[in-house]
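Coordinate analysis (summary)
Here's the letter readout for the chains.
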Amino acid sequence: MGFAKEEQFLLSVIKAVLHNKNVEVIEEDMDKSVLLKIAKSHRLENFLYYGLKEMNLGELSVRLAKSHKNDVYRAAIFAAESELLFHAFAKNEIKFMPLKGLVIKYLYPHIDLRTMVDVDILFDESKKKEVKKVMVELGYKVKSYNAGNHDVYLKDPLMHVEMHRSLIDESYSLSQYYKSIWNRVILEKDSCFQYRMTDEDFYLFLIAHTAKHFLNGGTGIRNIIDIYLYLEKYKKELNINYIESELEKLGLLVFSKKISELAYYWFDEGETNQILEQIGSYVVHSGVYGNITNAAIINILLGKKGKDSLTSSKIKYILRRIFPSYSTMKRRNKILKKIPILLPWFWFTRLLTGICRKESRIKEMDAIDKVKQEDIEKIKEIREELGVKEKI
Amino acid sequence: MKIKAGFMLREVAGNYVVVPVGEASKEFKGIITLNSSGAFLWKSLLEECSIEELLEKFLDEYDIDEETAKKDIELFINKIKEVNILE
């Protein structure tokens, strides 16, 4: 893995935009369609728009202007709808806390630069019925309820709201740390129901969330931008001793250091080294939310025991995908807690759903089939350098 | 006259965007973008306001002659009447 010219250029454009500069030169032999494709895979087309807007780049400029317009509309819709939701939760006396993009977008030079596909809000789990009622009254449709750690609500044309009952799903060991998050939050000024994390806890969550994706399928450039902007804004005020001791507990101290070094190498004056290049390459090739190839490699790696061959590790992983463990199935289908005997039935329905989504299943099987021993070794090396060997 | 309930104006990166929310989003499927003077008129019409009052506010805010202001207001009112969001 290395960096293609277009990938390096995209990173330089992001750096320029973050520092309010325009890019004045683009190499003649730059493949603009490849550049756009990479930016799209990370949802960063708007950075290209702002960075290159003074240049006439023909078709690329036209496409970027169109995508910029869409991002502005999306940002406006998300802002207006979020405000309505906050107001409705407060009116109904529901404790809530906006998460991730809803908070971090204000650190970007323009809020539309921080693209979001959904709105994430943590709420007091004891109020899940009230939340459902509020959402339905506001015109949302229930997509999923009481499964996993969040309920999903949808509204045309593009609202996708994830109402989190807990910060991190129970399938991750990190979830234990966040069970008591409500004991560490602060009420927002002028509000009786809207909460926020302390600046330190917000940074910890940013790292934990990035690690969760990075270590389970990959994470995109956008998360590294989030970390850079957050550190730039708060690094002088953060209680570093507290942060480091908490990161130690989470097993993410080395991860945090390396990821912030990468952020400063890419978007500031930081220096690089071989491991940062490897981590950077992994991020650039992950796409915004990781990809099935990385997920397959990681799961095969984590499921590999002793002298298991690559083929037997792959078969074990495929079986785990078709027949997830009882604890996994129980989290997705709460009724299994009461009636465990229904497990085969839920496996069967899962199989049927899988057959209906034939295309994505074929892609996944193809990705598993293509995993090579050297892919596993590369990811293993990165994880070891980051101090994270086990599933987090 | 007054803007109907169910629309919110948001500024994003120097662009003024009107977004339908709640019940209004079922009837109005589009999005309206405004320039800064359009946004000023929009905000003025969030409360009941006559054409004369609107003109007075507009002339207080912008350094333009009355004739141009009248034309701008007329154009704005016609546009939002077209999409049926004026009470």
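Before any of the text, the structure's been laid out above.
Heads up: these notes are all about the structure in this document.

Rules behind the numbers
- Residues numbered from 1 in each chain as written.
- Chains lettered and ligands numbered in written order.
- Predicted model: local features only at pLDDT ≥ 70, side-chain atom pairs only at ≥ 80, totals over all residues.
- Heavy atoms only, no water.
- Pairing = 2+ DSSP bridges.
- Helix = DSSP H or I, 4+ residues; strand = E, 2+ residues; numbered from the N terminus.
- Axes fitted to C-alpha atoms, helices over the stretch in contact; angles between N-to-C directions.
- Core = buried A, V, L, I, M, F, W, Y, C linked by side-chain atoms within 4.5 Å.
- Buried < 20%, exposed > 50% of the residue type's maximum accessible area, 1.4 Å probe, protein only.
- Contact = heavy atoms within 4.5 Å.
- Phe/Tyr/Trp six-rings, centres within 6.5 Å; stacked < 30°, edge-to-face > 60°.
- Salt bridge = Lys/Arg side-chain N within 4 Å of Asp/Glu carboxyl O.
- Buried area = accessible area lost by both parts, 1.4 Å probe.
- Polar contact = N/O pair within 3.5 Å; in protein donor to acceptor, adjacent residues only side chain to side chain.
- Nonpolar A, V, L, I, M, F, W, Y, C, P; charged D, E, K, R; others polar.

Some remarks on the sheet that holds strand E2 (residues 119–123) of chain A
All names here are of chain A. Reading across the sheet, the five strands line up as E1-E2-E5-E4-E3 and stay open at both edges, with mixed pairing between neighbours. Two strands bound the open sheet, and with one partner strand each, they are strand E1 (96–98) and strand E3 (141–144). On average, each strand axis in the sheet is inclined to that of its neighbour by 30°, with strand direction left out of account. As paired strands, E2 and strand E5 (residues 159–164) are joined by four bridges and run parallel to one another. Paired with Leu-122 across the bridge in E5 is His-164.

Focus on the nonpolar core
As a rule of thumb, nonpolar side chains are buried together in soluble globular proteins. Of all hydrophobic cores here, the largest spans 92 residues; its most connected members are Leu-52, Phe-214, Ile-221, Ile-225, Leu-252, Phe-267 and Ile-279 of chain A. Every residue in contact with Leu-252 of chain A, bar those within four places of it in the chain, is listed here: Leu-174, Ile-207, Ala-208, Ala-211, Leu-247 and Val-388 of chain A. In terms of nonpolar packing, the next biggest core, distinct from the first, is built from 33 residues, Tyr-73, Phe-89 and Leu-138 of chain A together with Val-21 of chain B among them.

Quick notes on the pairing of strand E2 (residues 15–20) of chain B
Residues and elements named next belong to chain B. By the criterion of burial, E2 is predominantly enclosed, with five of the six residues buried. Note: strand E1 (residues 7–12) against E2, six bridges, orientation antiparallel. Across the sheet, Val-12 pairs through a bridge with Asn-15, a residue of E2. Count of turn residues in the E1/E2 antiparallel hairpin: two residues, of which Ala-13 carries a positive phi of about 50°.

Things to note about the sheet that holds strand E3 (residues 32–34) of chain B
In space, the three strands of this open sheet follow the order E1-E2-E3 (chain B), with antiparallel pairing throughout. If you trace the sheet from one side to the other, it starts and ends with E1 and E3 of chain B, each paired once. In this sheet, adjacent strand axes meet at a mean angle of 30° when their direction is disregarded. Sitting on the sheet, helix H4 (residues 59–91) of chain A touches E1, E2 and E3 of chain B, and the angle it makes with E1 of chain B is about 125°.

What to know about the packing of aromatic side chains
Inspection of the entire model under this criterion finds 22 aromatic pairs over all chains. Between Tyr-178 of chain A and Phe-205 of chain A, the aromatic rings sit 5.5 Å apart at their centres with planes inclined by 80°, giving edge-to-face as the arrangement. In this pair, Tyr-178 of chain A sits in the loop between helix H7 (174–177) and strand E6 (185–187) while Phe-205 of chain A sits in helix H8 (residues 199–214), placing the two residues 27 residues apart along the sequence. A residue is classified by how much of its surface remains accessible, and Phe-205 of chain A, at 3% relative accessible area, is buried. Judged by centre distance (6.4 Å) and plane angle (80°), the rings of Phe-7 of chain B and Trp-42 of chain B are edge-to-face.

Quick notes on the pattern of salt bridges
Residues and elements named next belong to chain A. All chains considered together, the criterion is met by 18 salt bridges over all chains. The residue Asp-199 makes a salt bridge to Arg-196 at a minimum N-O spacing of 3.7 Å. Exposure remark for Asp-199: the relative accessible area of 23% places this residue in the partly exposed category. Judged by its relative accessible area of 32%, Arg-196 is partly exposed.

Some details on the interface of chain B and chain A
Each side of the interface is counted separately: chain B has 13 residues, and chain A has 16 residues. Interface area, chain B with chain A, both sides summed: about 1,200 Å², of which 75% is carbon and sulfur. Arg-10 of chain B is the salt-bridge partner of Glu-83 of chain A, the closest N and O atoms lying 2.2 Å from each other. Counting the contacts that link chain B with chain A gives one residue pair in polar contact (both at pLDDT 80 or more). For the side of chain B that touches chain A, the secondary structure elements donating two or more residues are E1 and E2 of chain B. In terms of residues, the side of chain B that touches chain A owes the most to one element, E2 of chain B, which gives four residues. Class assignment of the residues belonging to the side of chain B that touches chain A gives a composition of eight nonpolar, four polar and one charged.

Worth remembering: the numbers are spatial, not functional.
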